[in-house]
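Chain residues, written in single-letter form:
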Amino acid sequence: MSTTAVAHHDEHAAHPTGIMRWLTTTNHKDIGTMYLTFSLIMFLVGGCMILGIRAELFQPGLQLMKPDFFNQLIGVHALIMIFAALMPAATGFANWMIPLQIGAPDMALPRLNNWGFWLLPPSAILLTLPFTLALFGIGDGALATGWTFYPPLSIQGGIGVDFAIFAVHLLGISSVLGSINIIVTLFNMRAPGMTLMKMPMFAWGWLITAFLLIATIPVLAGAVTMLLTDRHFGTHFFDAAGGGDPILFQHLFWFFGHPEVYILLLPVWGFIPQILQTFSRKPMYGYKAQVYSFWAIGALSVVVWAHHFFTAGMPVPALLYFMYSTMAISLPLAVLFFCWIKTMWRGSMSFETPMLFTVGWIILFGIGGLTGLVLADVAADAQYHNSYFVVAHFHYTLFAGGIMGIMAGVYYWLPKMTGHMYNEKLGKLHFWLTAISFNLTFIPQFFLGLAGMPRRIPDYALQFAEFNMISSIAAFVLGLSQLIFVYNIISTIKGGKKASDQVWEGAEGLEWTLSSPPPYHSFSEQPIVK
Amino acid sequence: MLKQAIRNLSLSLFFLLTSPRVFAQYSWNFPEPVTPMALDTLHVHNKFMLIVAAIFIVVLAIMIYSLIKHRKSVGHQAVADKAPSTAVEIFWTLIPFAILLLIDFVIMGIPAYHSVVMMEDTRNESDMVLKVTGSQWRWQYEYMGNTEKGNQNGLEDAKGIKFVSNLSTPQEQMDGTITPVNDPERPYLLDVDNRLVLPVGAKVRILMTSTDVLHNWWVPQFGSSRLAVPGFIRETWVQVDKAGTYRGQCKELCGKGHGYMPVVVDALPKEEYKAWVVAQKEAISEASAGADKEWTKEDLIAQGKIVYEKNCAVCHQVSGAGLPPAFPAITGSKISNSPIFGEDGKYLPDSHLDRVLNGIRVMPAWKAVLNDTEIAAVITYERNALGNSVGDVVQPAQVKAARQ
Ligand code: HEM
Ligand SMILES: [Cu+2]
Ligand SMILES: [Cu+2]
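Every value quoted in this text rests on a predicted model; they were computed, and no experiment measured them.

**Re the overall build of chain A**
Broken down by element type, chain A carries 17 helices and 0 strands. Compactness check: chain A gives a C-alpha radius of gyration of 23 Å against a globular reference of 24 Å for 530 residues, within 12% of the reference. Its C-alpha atoms put chain A at 65 × 50 × 45 Å along the principal axes. The proportion of buried residues among the 530 residues of chain A is 67%. Considering only contacts in chain A between residues 6 or more positions apart, those separated by 24 or more positions represent 82%. Once the 22 positive and 23 negative side-chain charges of chain A are each reduced to a mean point, those two points are 12 Å apart.

**Thoughts on the nonpolar core**
One broad trend across soluble globular proteins is that nonpolar side chains are buried collectively. Counting residues in each nonpolar core, the largest one holds 208 residues, and the members touching the most others are Phe149(A), Trp269(A), Trp340(A) and Met344(A). The leading source of residues in this core is helix α3 (residues 67–102) of chain A, at 23 residues. Residues lining this core come from more than one domain, with at least three contributed by each of domain 1 (36–119) and domain 2 (128–286) of chain B. Filtering out sequence-adjacent residues up to four positions away, Trp340(A) remains in contact with Trp269(A), Ile272(A), Pro273(A), Leu276(A), Gln290(A), Trp361(A), Ile362(A) and Phe365(A).

**What to know about the interface of chain A and chain B**
Taken residue by residue, the interface counts 94 residues in chain A and 97 residues in chain B. Note on chain A versus chain B: buried area summed over both sides is about 8,300 Å², and carbon and sulfur give 70% of it. Remark: the boundary between chain A and chain B carries 3 salt bridges. Residues Glu505(A) and Lys72(B) are paired through a salt bridge, measuring 3.0 Å at the closest nitrogen-oxygen approach. At the surface where chain A touches chain B, the tally comes to 29 residue pairs in polar contact (both at pLDDT 80 or more). Looking at the side of chain A that touches chain B element by element, the count peaks at 8 residues for helix α12 (residues 330–344) of chain A. The residue makeup of the side of chain A that touches chain B, split by class, is 60 nonpolar, 22 polar and 12 charged.

**Examining the coordination of the copper ion (ligand 3)**
All names here are of chain B. Taken together, the protein donors to the copper ion (ligand 3) comprise Cys250 (SG), Glu252 (O), Cys254 (SG) and His258 (ND1), at separations of 2.2 to 2.4 Å. Of note is the copper ion (ligand 3), whose 4 donor atoms meet at the metal with angles of 83 to 127 degrees in an arrangement that counts as irregular. Donor residues for the copper ion (ligand 3), ordered by position in the chain, follow C-x1-E-x1-C-x3-H. According to the relative accessible area criterion, Glu252 is buried, its value standing at 3%.

**Thoughts on the site of ligand 1**
All names here are of chain A. Close contacts around ligand 1 come from 22 residues, with His77, Trp147, His395, Arg455 and Arg456 the closest. Here a nitrogen atom of ligand 1 sits 2.8 Å away from a polar atom, N or O, in the side chain of His77. Elements represented by at least two residues in the shell around ligand 1 include exactly α2 (28–56), α3, α15 (388–418) and α17 (465–494). When residues of the shell around ligand 1 are assigned to their parent elements, the largest contribution, 7 residues, is made by α15. Partitioned by chemical class, the residues of the shell around ligand 1 number 16 nonpolar, 3 polar and 3 charged.

**Quick word on the side chain of Asp354(B)**
Residues and elements named next belong to chain B. As for its position among the elements, Asp354 is in helix α12 (residues 352–358). Look at Asp354: it is buried, it has no salt bridge, and the nearest opposite charge is Arg355 at 4.5 Å. For Asp354, the side chain forms a polar contact with the main-chain nitrogen of Asp350, separated by 2.7 Å. Beyond its immediate stretch of four places on either side in the chain, Asp354 contacts Tyr347, Leu348, Pro349 and Gly359.

**A short note on the pattern of salt bridges**
Under the criterion given, the structure shown has 21 salt bridges over all chains. A single salt-bridge network, built from bridges that share partners, covers Arg186(B), Asp191(B), Arg195(B), Arg247(B) and Asp266(B).

**Things to note about the packing of α15(A) against α17(A)**
Residues and elements named next belong to chain A. One can describe the packing of α15 onto α17 by two numbers: an axis separation of 10 Å at closest approach and a directional angle of 20 degrees. In terms of orientation, α15 and α17 fall into the roughly parallel class. As α15 packs across α17, the resulting crossing turns out to be left-handed. Across the interface between the two elements, Phe399, Met407, Val410, Tyr411, Leu414 and Thr418 from α15 touch Leu478, Gln482, Phe485, Asn488, Ile489, Thr492 and Ile493 from α17. Residue composition of the contact of α15 with α17, grouped by class: 9 nonpolar, 4 polar and no charged.

**A few points about helix α9 (residues 297–311) of chain B**
Residue and element names in this part refer to chain B. The terminal C-alpha atoms of α9 lie 20 Å apart, and with 15 residues this matches the ideal 21 Å at 1.5 Å per residue to within 8%. Among all positions in α9, only Leu300, Gly304, Val307, Tyr308 and Asn311 are buried. Where α9 is buried, its residues contact β2 (138–146), β3 (162–165), α10 (313–316), α13 (372–384) and α14 (396–403).

**Describing the coordination of the iron atom of ligand 1**
All names here are of chain A. Note on the iron atom of ligand 1: its protein donors are His77 (NE2) and His395 (NE2). The metal-donor distances range over 2.0 to 2.1 Å. In this structure, the iron atom of ligand 1 is coordinated by 6 donor atoms arranged in octahedral fashion, with angles at the metal of 85 to 178 degrees. Taken together, the residues span a long stretch of sequence, with His77 in helix α3 and His395 in helix α15 at a distance of 318 residues. The pair His77 / His395 is uniform in exposure class, with both members buried.

**Description of the domain arrangement of chain B**
Considered domain by domain, chain B is made up of domain 1 (36–119), domain 2 (128–286) and domain 3 (291–403). Taking only C-alpha atoms, the centre of domain 1 of chain B and the centre of domain 3 of chain B are 63 Å apart.

**Quick look at empty space enclosed by the protein**
Residues and elements named next belong to chain A. Applying the stated rule across the entire model yields 5 cavities of 30 Å³ or more. Within this model, the largest cavity holds a volume of roughly 110 Å³. Mapped onto the lining of the largest cavity, the elements with two or more residues apiece are α3, α7 (159–188) and α8 (201–232). Among the elements that make up the lining of the largest cavity, the one with the highest residue count is α7 (5 residues). Split into classes, the residues belonging to the lining of the largest cavity amount to 8 nonpolar, 5 polar and no charged.

**Topic: the pairing of strand β7 (residues 224–228) of chain B**
Residue and element names in this part refer to chain B. The buried count for β7 comes to 5 of 5 residues, which makes it a mostly enclosed element. Two elements, strand β6 (residues 215–219) and β7, share 5 bridges in a ladder whose sense is antiparallel. Residue pairing in the sheet places Val219 in a bridge with Ser224 of β7. Where β6 hands over to β7, the hairpin turn is made up of 4 residues, of which Gly223 adopts a positive phi near 70 degrees.

**Some details on the sheet that holds strand β9 (residues 244–250) of chain B**
Residue and element names in this part refer to chain B. What the 5 strands build is an open sheet, ordered β4-β10-β9-β6-β7; its pairing is mixed. A strand with exactly one partner marks an edge of an open sheet, and here the two such strands are β4 (196–199) and β7. The mean inter-strand angle of the sheet, taken between neighbouring strand axes irrespective of direction, is 25 degrees.

**As for the side chain of Ser115(B)**
Its location among the elements puts Ser115(B) in helix α5 (residues 109–120). Apart from residues no more than four positions distant in its own chain, Ser115(B) is found in contact with Ala379(A), Met37(B), Asp40(B) and Val44(B).

**Quick notes on the packing of α3(A) against α7(A)**
Residue and element names in this part refer to chain A. In the contact formed by α3 and α7, the axes pass within 11 Å of each other and the chain directions differ by 20 degrees. On the basis of their axis angle, the class for α3 and α7 is roughly parallel. By crossing handedness, the relation of α3 to α7 is classed as left-handed. For the pair formed by α3 and α7, the contact residues are Phe83, Met87, Ala94, Ile98 and Ile102 on the first element and Leu171, Ser175, Ile182, Thr185 and Leu186 on the second.

**Describing the pairing of β2(B)**
Residues and elements named next belong to chain B. Burial analysis of β2 places 7 of its 9 residues in the buried class, which makes it a mostly covered element. Counted between consecutive antiparallel strands, the loop separating strand β1 (residues 128–135) from β2 contains 2 residues. Across 4 bridges, the pairing between β2 and β3 is antiparallel. Bridge assignment links Gln140 to a residue of β3, and that residue is Val164.

**Quick notes on a nonpolar patch on the surface**
Together, Phe187(A), Leu196(A), Phe211(A), Tyr292(A) and Trp295(A) make up an exposed nonpolar region whose accessible area comes to about 490 Å². Relative to the assigned elements, Trp295(A) resides in helix α10 (residues 287–301).

**With respect to the sheet that holds β3(B)**
Residues and elements named next belong to chain B. Pairing is mixed across the open sheet formed by 5 strands, whose spatial order is β3-β2-β1-β5-β8. With partners counted over all chains shown, the strands left at the sheet margins are β3 and β8 (234–238), one partner each. Along the sheet, successive strands turn relative to each other by an average axial angle of 25 degrees, direction set aside. One ladder, built from 5 bridges, connects strand β5 (residues 204–210) with β8; its direction is antiparallel. Within the sheet, the bridge partner assigned to Val204 lies in β8 and is Val238.

Calculation rules
- Residues numbered from 1 in each chain as written.
- Chains lettered and ligands numbered in written order.
- Predicted model: local features only at pLDDT ≥ 70, side-chain atom pairs only at ≥ 80, totals over all residues.
- Heavy atoms only, no water.
- Helix = DSSP H or I, 4+ residues; strand = E, 2+ residues; numbered from the N terminus.
- Rg over C-alpha atoms; globule rule 2.2 N^0.38 Å.
- Buried < 20%, exposed > 50% of the residue type's maximum accessible area, 1.4 Å probe, protein only.
- Contact = heavy atoms within 4.5 Å.
- Lys, Arg positive; Asp, Glu negative; His and termini not counted.
- Charge placed at Lys NZ, Arg CZ, Asp CG, Glu CD.
- Core = buried A, V, L, I, M, F, W, Y, C linked by side-chain atoms within 4.5 Å.
- Domains from an automatic or database assignment.
- Buried area = accessible area lost by both parts, 1.4 Å probe.
- Salt bridge = Lys/Arg side-chain N within 4 Å of Asp/Glu carboxyl O.
- Polar contact = N/O pair within 3.5 Å; in protein donor to acceptor, adjacent residues only side chain to side chain.
- Nonpolar A, V, L, I, M, F, W, Y, C, P; charged D, E, K, R; others polar.
- Donors = N, O, S within 2.8 Å, 3.2 Å for Na, K, Ca; no water.
- Tetrahedral: all angles 85-135°; square planar, octahedral: opposite > 155°, others 65-115°.
- Near = heavy atom within 4 Å.
- Axes fitted to C-alpha atoms, helices over the stretch in contact; angles between N-to-C directions.
- Parallel < 35°, antiparallel > 145°, perpendicular 65-115°, else oblique.
- Left-handed = near helix turned anticlockwise from the far one by under 90°.
- Expected span 1.5 Å × (residues − 1).
- 1 Å grid on protein atoms, 1.4 Å probe; cavity = no way out; pocket = protein on both sides within 12 Å on 5 of 7 lines; lining within 4 Å.
- Points joined across faces, edges and corners; volume = space filled by probe spheres on them.
- Pairing = 2+ DSSP bridges.
- Patch = residues over 30% accessible without salt bridge, like charges linked within 9 Å, V, L, I, M, F, W, Y side chains within 5 Å.
- Areas by Shrake-Rupley, 256 points an atom, 1.4 Å probe, with all protein chains shown as cover.

Have a look at this one:
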């Protein structure tokens, strides 16, 4: 790939400044920055909530909170981490990087883009407001059903459930708007000469994600709306007494919920190979194989949903089908791992912070994937299901596979976005603290699950005491380490060593041809890709 | 509040670190299996874990080799990849995927298939049927009787026995007033008032249902767990092959008491099981005799206090103050202070007896859970204690009549 040079020009009509700049902006970089900032804040909020949980679980007996409040923290932690931390981070990167990577001046639908973002803060408020209302004696707090909303518990629940339903609606609309924008941008605004099969991998990851979002968010929206009408308008979709079925909700929820995990991960799988090729100083291996694997995983992800509730009872053929189809996902995933490792193989590697995070990410996400393969076994899942084993498993995929991937991306692109180098020493310290305390937090949870500790319990029997204590201490180290990350980002935005345009010795792709930071309007003249 | 919390934390930390017994309890794998299902699960789990651990280590080793050898700082120059082109290269590229295919669908897939078939075979060869009902936040067990095969095997028929099983850990240990007591006989949070009793070696078909929200009946050493869905019957089975006491918990989030509905099962050898069944049946006939006699107010109140604290206090609180707005107070409540019976001697709709028998919204119906004496006693208690003093009594015979 080679490109024509782009002149730096930042003229154009004066755009508003101050708060109005951010409220009305249609600039993809401004919107990307807002998404990323929002994501970081919510990551800290969700993290504080779960540290409350880990403090309570530090030892047996209830010390800090009532069980009801405990349940609220768990569910809201998950909704915030998934919908307000991980997804907006991926969307933030999409906004920043997709136009830069495909040589476009901006996203295709800039106003829609602005809306997509500004729906997020209200939904975060909706999610957390019931906590505050409860302090004033209104309602009994936030959603206490876990993030899965299962009826009939969610039908019994208080106003927190309604608030969460509306929050999910707003978040869903935001995601669908963002997805439409990305699809339209990718199909229409690529630089001349950039065929689909020359598109950067990150763009491919997002393209599949966007299709998955558009396919599954409406199902979630439908399901929670049915819940809302069951709660308030006398319908009986999920109530056996009226001819409904509580398990129907689980089918609808996980028809969204399983693809959701790939929605969270595909963007990361997109930029991980880009980081790998940069720091291995050789082009990524198996571009086509990776693209086809993305498609395969996208397609499989919508047909395996019932593995999340094997113990709800299903006919044997259905159990077998969902078991084998789930196992099948390991094949395209193995292709990806193969390509990632082959990209490093016989490269000329150096280990700056983004690369450290990426290598750590491959290993930890690998543990998440392999334990997932074991979970597919229906009979053994009767034991694993809803135990701490599952909690450990999905944190290897979501925290390691999701958040740590995003962190790799932040360190990778921060110099491009701000024009300054971050503090490498602090970056490395952040990596090692995160990786070690993450493992110390979640490895004990595998053993807790095997020993029989159910998830979502506020207090536990004494045989679980030791591992919970280790896990809690490590979780606090993990939480505190993130302050280094925040400090590093802020000080990089404020100043620091000037970053070159290419930033990394081995970096290739259109985004590295622009200045650091890039001009307000990215490519005013379209580059030509050969 | 905060001060107390800090004090508790440091006290318990001290306790945990200095108590050798506590530190001896953790484990690294599934607990000892005691049913064929759990044994199978343990084997499958161990095997799969070894396989995935092997995959992990091999791949990690390759990666680490590369991380050490192929780094810039040791002067390694990047060597461009080329796509596999010759037949041999393509063969070697495909080998890992062939191995994975084999692992997924043969080495793991075939044993998994057999386990599923075994797990779902709840009816064949079963000796007896047990109904398990989950309610917020207790389990109710009802023996539905023997199958043909159970009778042939000379299993004592327990049909008709039913009871409720509640957590029995003292409140002050749970709310942090005192540190949880480490008593192996009555483990913290894993002990109940009435244990489920099952005969050793008998295949028990379990019918699972719920009266309110989803619950999940789970004993780790049994290897089976099944969701209890209100309005539906789900099935599973256990066959406990070793006498002993086994403990588990609800594992589907079911509200604020989710962490507080343990399962405790006593597996007894056939003879002891028989003795237990006989004793239970005697108690049932005594209770129904008790239902026909006239009770004094004092006896009813004394009995009612026990019933209340076992069954009602989770929601309405021991003091009767409730937890408004979710759970109303009994003290001074309209229903507990207004008449129960109308002119014709029948109970009134929305009266105290109606509410307790039939429930409404979140308030459970107790008619299938408590017997006549217990219902009469708890109502009498609520009306004449907890700050109420209506003065009347409800006799078991009246409850019996009301059920018709
Ligand atoms: C500081 C890092 C984190 C810690 C220490 C942590 C810890 C926990 C704990 C202890 C639970 C409760 C488990 C239970 O009782 O069932 C939980 C639940 C959960 N967490 Fe995290 N978590 C962290 C970060 C994340 C992230 C980054 C994500 C996703 C992006 C995430 C997603 C979830 C989900 C989906 C649940 C399930 C909630 C439910 O049961 O409904 N967590 N986490
Ligand atoms: Cu899934
Ligand atoms: Cu439960």
